[in-house]
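Overview (structure and organization)
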Amino acid sequence: MRCALTGANGFLGSHLVDRLLAEGHEVSALVRESADLRWLQGKELRLVKGALDDPAALAQAFEGAELIFHLAGVVVANDATAYYRINQEASRVVAEAAMGPGEGLRRFVLVSTLAVHGARPDETGPVSEESACRPVNHYGRSKLGGEEAARALCPGLPLTIIRPGGIYGPRDTASLALFQQGAKGIYLKMGFGRRMVNMCHVADIVDGIMLAATRDEGLGETFLLGDAENYTLEKLGQTMVRAVRGGKGFPVWLPLSGAYAVGALGSAVGKLRGKRPPLDLDQVRMYSIRNWAMDVGKARRMLGYRPRYTLLEGATETAAWFREQGWL
């Protein structure tokens, strides 16, 4: 099939490109003029240079596409308006452009985020697709806005929405800090009480995206994608230490008050320097939520989704790749 992507040069997008090419699909991708294309070097795909809000470039990238995957977005920004300009408004432009191919388009897959669910007053049990959406930061709110903009074009747009949780794997810079901490035999604990997270290997997320894009059952649906198991921060940290260096890790505790202070400083310094800070207020607001557990039962029932990697297997493989790259 003819497939088109936004965000193809990113961590998740480049792995999806690899999967599409391995299956023999024709692939085209919209990339920024300034995009880092190292993960796409030497691969047989058509690159179209342009911005997410450029209808002409989008039309060129999407020409003849049967499957369109919209992965591009911003996770961390110094200016709050950037979240809404890219994650929300540009998603509307992308979705409108996706309708250009007409009847040939089989599916438009919008990759959103678990962060749209945000805060849950009860703080118990995993999130499901039926859980309320109460995003706590600009990232979550803007991604929810992008979902709503795409839904507004239905039923003319054959839409499927994917909400992944935490993703890790080769090429990922966002989770690198966890592995670097593991190499030192430590892991970070924030605030009091038990905190639950979901971390899934990128190959499993790609499996889920492909199932959602190609199975009839996925049309018009929203799916949470992640690991079949949820983890306490304690287990996540200990597993990272074991994967990277073996043995038992030791926690480094950071109170939430300290995290907010560091986040506020990071936001201020990042805005002045025009660079992404290691930690900002938007991130701290998300990390402060105790329960990021998810239920992937809907994807299992409707799509046959079955994550293949255990956390230890995936983390061990990823750590080995980081070492090969000189990142660890």
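Attention here is on the structure that accompanies the text. (Residues numbered from 1 in each chain as written. Predicted model: local features only at pLDDT ≥ 70, side-chain atom pairs only at ≥ 80, totals over all residues. Heavy atoms only, no water.)

1. Topic: the overall build of the protein chain
Applicable threshold: The helix and strand labels rest on DSSP assignments: H or I over at least four residues marks a helix, E over at least two residues marks a strand, and numbering proceeds from the N terminus. Radius of gyration here uses only the C-alpha atoms, and the compact-globule reference equals 2.2 Å multiplied by the residue count raised to the power 0.38. Contacts are assigned to residue pairs that have any heavy atoms within 4.5 Å of one another. Accessible surface area values rest on a Shrake-Rupley calculation with a 1.4 Å probe, where residue burial reflects the displayed protein chains alone. Under this rule, positive means Lys or Arg and negative means Asp or Glu; His and the chain ends count for nothing. Charge coordinates come from a single atom per side chain, which is NZ of Lys, CZ of Arg, CG of Asp or CD of Glu.
Regarding its fold elements, the protein chain presents 11 helices and 13 strands. Scaling as 2.2 N^0.38, a compact globule of 328 residues should have a C-alpha radius of gyration of about 20 Å, and the protein chain matches this with 19 Å. Taken over the C-alpha atoms alone, the protein chain extends approximately 55 × 40 × 35 Å along its principal axes. Within the protein chain, counting contacts between residues at least 6 apart in sequence, those at least 24 apart form 77% of the total. When the accessible area of the protein chain is evaluated, it comes to approximately 14700 Å², of which 53% is carbon and sulfur surface. Averaging the locations of the 39 positively and 35 negatively charged side chains of the protein chain gives two centres separated by 7 Å.

2. A short note on the packing of aromatic side chains
The line we're drawing: Classification of ring pairs uses Phe, Tyr and Trp, with its six-membered ring standing for Trp, and accepts pairs whose centres are within 6.5 Å; under 30 degrees between planes counts as stacked, over 60 as edge-to-face, and the remaining range as tilted.
By the definition in use, this model includes 5 aromatic pairs. Pairing W321 with W327 gives two aromatic rings, centres 5.2 Å apart and planes at 90°, and the pair type is edge-to-face. The interplanar angle of 25° and the centroid separation of 5.6 Å between the aromatic rings of F322 and W327 together place this pair among those described as stacked. Linked through ring pairs, W39, F179, W321, F322 and W327 together constitute an aromatic cluster.

3. A short note on the packing of helix α3 (residues 80-98) against helix α4 (residues 138-151)
Inclusion rule: Axis definition: a line fitted to C-alpha atoms, limited for helices to the stretch in contact. Angles are taken between N-to-C directions and run from 0 to 180 degrees. In what follows, roughly perpendicular refers to angles from 65 to 115 degrees, roughly parallel to angles under 35, roughly antiparallel to angles over 145, and oblique to any angle outside these ranges. We call a crossing left-handed when the near helix sits turned anticlockwise from the far one by less than a right angle, and right-handed when that turn is clockwise. Polarity classes work like this: nonpolar for Ala, Val, Leu, Ile, Met, Phe, Trp, Tyr, Cys and Pro, charged for Asp, Glu, Lys and Arg, and polar for all others, with Gly in that last group.
Running from N to C, α3 and α4 point in directions that differ by 15°, and their axes come no closer than 8 Å. For the element pair α3 / α4, the angle class is roughly parallel. Considering the relative orientation of α3 and α4, their crossing is right-handed. Where α3 approaches α4, its residues A80, Y83, Y84, N87, Q88, S91, R92 and A95 are matched on the opposing element by H138, Y139, R141, S142, K143, G145, G146, A149 and A150. Tallied by class, residues from the contact of α3 with α4 come to 7 nonpolar, 7 polar and 3 charged.

4. Here we look at the nonpolar core
Basically, it comes down to this: We call a set of buried Ala, Val, Leu, Ile, Met, Phe, Trp, Tyr and Cys residues a nonpolar core when their side-chain atoms join them within 4.5 Å. Buried residues are those whose accessible area, probed at 1.4 Å on protein chains only, stays under 20% of the maximum for their type, while exposed residues exceed 50% and partly exposed ones sit between those limits.
Counting residues in each nonpolar core, the largest one holds 48 residues, and the members touching the most others are L12, L16, F69 and I209. Ranked by the residues each element gives to this core, the list is headed by helix α6 (residues 202-214), at 8 residues. Discounting residues that sit within four places of it in the chain, I209 has contacts with L12, L16, F69, V109, V111, I162 and L225. One finds V93, A95, F108 and A150 within the second-largest nonpolar core, a separate group that totals 24 residues.

5. Quick look at empty space enclosed by the protein
One water molecule sets the probe size; rolling that probe over the atoms shows where empty space is left. Applicable threshold: In this analysis the probe radius is 1.4 Å and the grid spacing 1 Å, with only protein atoms considered; a cavity is a set of points the probe fits into but cannot get out of, a pocket is an open set with protein on both sides within 12 Å along at least five of seven lines, and lining residues have an atom within 4 Å of a point. Grid points are joined across faces, edges and corners, and a volume is the space filled by probe spheres set on the points.
This structure, assessed with the given rule, holds 1 cavity of 30 Å³ or more. Taken as a whole, the largest cavity holds about 30 Å³ of empty space. Residue assignment for the lining of the largest cavity shows that the elements contributing at least two residues are α3, β5 (107-111) and α4. With 3 residues, α4 is the single largest residue contributor to the lining of the largest cavity.

6. Looking at the sheet that holds strand β4 (residues 67-70)
Two strands in a sheet stick together by hydrogen bonds in their backbones, pointing the same way (parallel) or opposite ways (antiparallel). Here is the rule we go by: Strands are labelled as partners when DSSP assigns at least two bridges between them.
With parallel pairing, the 7 strands of this open sheet are ordered in space as β3-β2-β1-β4-β5-β6-β11. Unpaired on one side and paired on the other, β3 (46-49) and β11 (222-225) mark the two borders of the sheet. Taking each pair of neighbouring strands and ignoring which way they run, the sheet shows an average axis angle of 20°. Of the strand pairs in this sheet, β5 and strand β6 (residues 159-164) are connected by 4 bridges, and their pairing is parallel. Among the inter-strand pairings, V109 is bridged to a residue of β6, identified as T160. Against the sheet, helix α1 (residues 11-22) contacts β1 (2-6), β2 (26-31), β4 and β5, and its axis sits at roughly 170° relative to β1. Set on the sheet, α3 makes contact with β1, β4 and β5; between it and β5 the angle comes to about 165°.

By themselves, these figures tell us nothing about what the structure is for.
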